[in-house]
Amino acid sequence: MINIPFVQIYELIAYISLAGLCLVGVLTLGASGYLWVRDTFVRQTVASLRPEIVAHAGSSEQDWEAWVNERSRLERRILRREVPRQLRVVSGSYATQLKTLGRALGIDERADRALSARIKQKRLIGLTQLTLLDQAVPLQHVRGTECPRERALAAQCVISDSADIQPESIVRLLLEPGTPLPEYGVYTLYRVMQQNPLSLLGVTDDTTWDLTLTVQVLSVLQYIDYSSSDAIRDWIGARLRDEQPAVRAAAVHALGPYIRAYAMTPPEVDPLTIVRDPSIRVRAAAFQQFPAIEETTVRRKIVDTAVEESNETVLLIAGQEFGTAISGTHKSITPALRRSMAWARATNRRRTTRWRTPWALEWEHQPLKTESTPELLSEPRPTGEHA
Amino acid sequence: MVTDVLVVASNDMVRSVVVTGFNHHPELAAQGVADARECRSVLETNDSPAIVVVVAILTRTDSIAFCEEINAQYAATAILINATRVSSDIPRDIDTRPAIDPITLPEQVSRNV
């Protein structure tokens, strides 16, 4: 048996540790150097290709294919990363050219193949790339998935593709699983239903929806002109009797387009029951939507109910929306209501507590015109198709 | 006539693409800067650019104020490009695209010179 002195064992361990440390250091420096060289090369290649892409703007699909064939394999690989990146920040004719270039680079074919991948992340990347390129995706690819993001992206792809939109299929794709949609999916639903509000009806009968999804659909209806559809009106009416206050409040908001169109609530809906609802959210929603009612008797009863309101949040909205009517008809009001009306007069703003949704923001954030920024600032946003 | 254009955009990609678009235009020569401080230091040099294009992506209010400052204090015309996203609620997957078309933008700017 070999007898190793105790001190030598420690020395051996120290040497091995030192060697390991040196190896890790060398590998780290090597990897950093490699990444630096690679990034520099990619940056330089991209910088040299960008002017060429702009210079070729206006080329036909064949010209782009010829241009792509002239590029080296490495340049094509870099371009396949660069084109989707640029498509996220540009629009208009340049974006159209980039999409043609993307197709010439075969990004769409690769994305199509990625849709069959078992890893969800790959499928999402494929769907995102198809969306960026405005390419169609066969719905059967995503029908089976339970991932709401995947469904929302697929629905967006179908819309982007265009001419042949089948609203019912898209709405079914989004709503059939009955699970909440991501924000982008809600926006997609809005875009589809704006074109065809009746597309909702195919999925309302046979599905048990999650509470959040019901609220999301109702929040979309708030911005859709469905006033000529009795079926949608009935569906909203049924939601007004839901046991969940969030659903009832969303349903009251969803009545907005009908009330604005006819200056009254639907015949089967009693506005006084709504303004006396036990939930604060529902009463607040009612006072936001009911100012458009013109029928004198109903309006007077709503105002009377507002005067009797005890919750300060609801009073604030009632003060904002019905302040003039209240001060015209009631001499004696509670101090809380007086404070709310004073606040409403001081701020002189209507509807401070509206839900914020992408399309609401789109309307509210229209470009301002100022003297210093004359021409371009006042132009409408040219993005159009996706925003 | 070649007019100098200074593109102010904090996003590297946007800045690079817009500058490339301007430089492709025969009558415009552009350079890019990332922020207001860098822009001011360029404007304070003797050969300051004639046009400053401010690309507003998220901080539009600040950008309007900055354009007004340029118009008031420097011998340059500021143009604000409204590239505000619709909503920050939309996930980054897709809709992070500002409204910039580097092909038509130089034409618009040259018409405003």
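About the criteria used
- Residues numbered from 1 in each chain as written.
- Chains lettered and ligands numbered in written order.
- Predicted model: local features only at pLDDT ≥ 70, side-chain atom pairs only at ≥ 80, totals over all residues.
- Heavy atoms only, no water.
- Helix = DSSP H or I, 4+ residues; strand = E, 2+ residues; numbered from the N terminus.
- Buried < 20%, exposed > 50% of the residue type's maximum accessible area, 1.4 Å probe, protein only.
- Contact = heavy atoms within 4.5 Å.
- Areas by Shrake-Rupley, 256 points an atom, 1.4 Å probe, with all protein chains shown as cover.
- Salt bridge = Lys/Arg side-chain N within 4 Å of Asp/Glu carboxyl O.
- Expected span 1.5 Å × (residues − 1).
- Arc of directions from axis to C-beta.
- Core = buried A, V, L, I, M, F, W, Y, C linked by side-chain atoms within 4.5 Å.
- Domains from an automatic or database assignment.

Q: Hey, could you run me through the overall build of chain B in this one?
A: Assigned secondary structure in chain B consists of four helices and four strands. What you see in chain B, going N to C, is helices and strands ordered as β-α-β-α-β-α-β-α. Looking at chain B as a whole, 55% of its 113 residues qualify as buried. Taking the contacts inside chain B whose residues are at least 6 apart along the sequence as the reference set, 69% of them involve residues at least 24 apart. As displayed, chain B has an accessible area near 4900 Å², and 46% of this comes from carbon and sulfur atoms.

Q: Can you help me understand the pattern of salt bridges in this one?
A: Here the idea is simple: oppositely charged side chains can pair when their charged atoms come close. All names here are of chain A. A complete count under the given rule lists 13 salt bridges over all chains for this structure. Here Asp-39 ties to Arg-38 by a salt bridge, and the two come within 3.6 Å at their closest N and O atoms. By relative accessible area, Asp-39 is classed as partly exposed at 35%. Arg-71 serves as the salt-bridge partner of Glu-75, at 3.3 Å between the closest nitrogen and oxygen. According to the relative accessible area criterion, Arg-71 is buried, its value standing at 14%. Each member of the salt-bridge network shares a partner with another, and the members are Arg-50, Glu-82 and Arg-85.

Q: Whenever I open this one, the environment of A:Gly256 confuses me. Can you help?
A: Residue and element names in this part refer to chain A. Mapped onto the fold, Gly-256 is located in helix 15 (residues 256–262). For Gly-256, a relative accessible area of 0% corresponds to the buried category. Through-space distance from the C-alpha of Gly-256 to that of Asp-225 is 9.4 Å; in sequence the pair is 31 residues apart.

Q: Can you walk me through helix 20 (residues 335–347) of chain A in this structure?
A: Working note: α-helix, 3.6 residues per turn, so residues spaced by three or four point in the same direction. Residues and elements named next belong to chain A. Helix length check: helix 20, at 13 residues, gives a terminal C-alpha distance of 18 Å against a target of 18 Å (1.5 Å per residue), a fit within 8%. Residues of helix 20 that are buried: Ala-336, Leu-337, Ser-340, Met-341 and Ala-344. Projected onto a plane normal to the axis of helix 20, the buried residues spread over an arc of 135° and lie on a single side. More than 90 degrees from the buried face of helix 20, the exposed residues found are Pro-335, Arg-339, Arg-345 and Ala-346. The elements touched by buried residues of helix 20 are helix 18 (296–308) and helix 19 (312–329).

Q: Is there a simple way to explain the nonpolar core in this structure?
A: A general feature of soluble globular proteins is that nonpolar side chains tend to end up buried together. Counting 73 residues, the largest nonpolar core has A:Leu175, A:Leu221 and A:Ile236 as its most contacted members. When residues of this core are sorted by domain, at least three fall in each of domain 2 (107–204) and domain 3 (210–372) of chain A. Among residues more than four places away in sequence, those in contact with A:Ile236 are A:Leu218, A:Leu221, A:Tyr226, A:Ala251, A:Ala254 and A:Leu255. Among the nonpolar cores identified, the runner-up in size contains 39 residues, and A:Trp67, A:Leu98, A:Ile107 and B:Met13 belong to it.

Q: When you look at the environment of A:Gln222 in this model, what are you seeing that I'm missing?
A: Within the element layout of this structure, A:Gln222 appears in the loop between helix 12 (211–221) and helix 13 (230–239). In this structure, the C-alpha to C-alpha distance between A:Gln222 and A:Leu255, residues 33 residues apart in sequence, is 6.8 Å.

Q: Got a minute to help me understand unusual backbone geometry in this structure?
A: Peptide bonds are trans in most cases, and residues, glycine excluded, mostly fall at negative phi. Unusually for a residue other than glycine, A:Ala263 sits at a positive phi of about 55°. Structurally, A:Ala263 is set in the loop between helix 15 and helix 16 (271–275).

These values are about where atoms sit, not about what they do.
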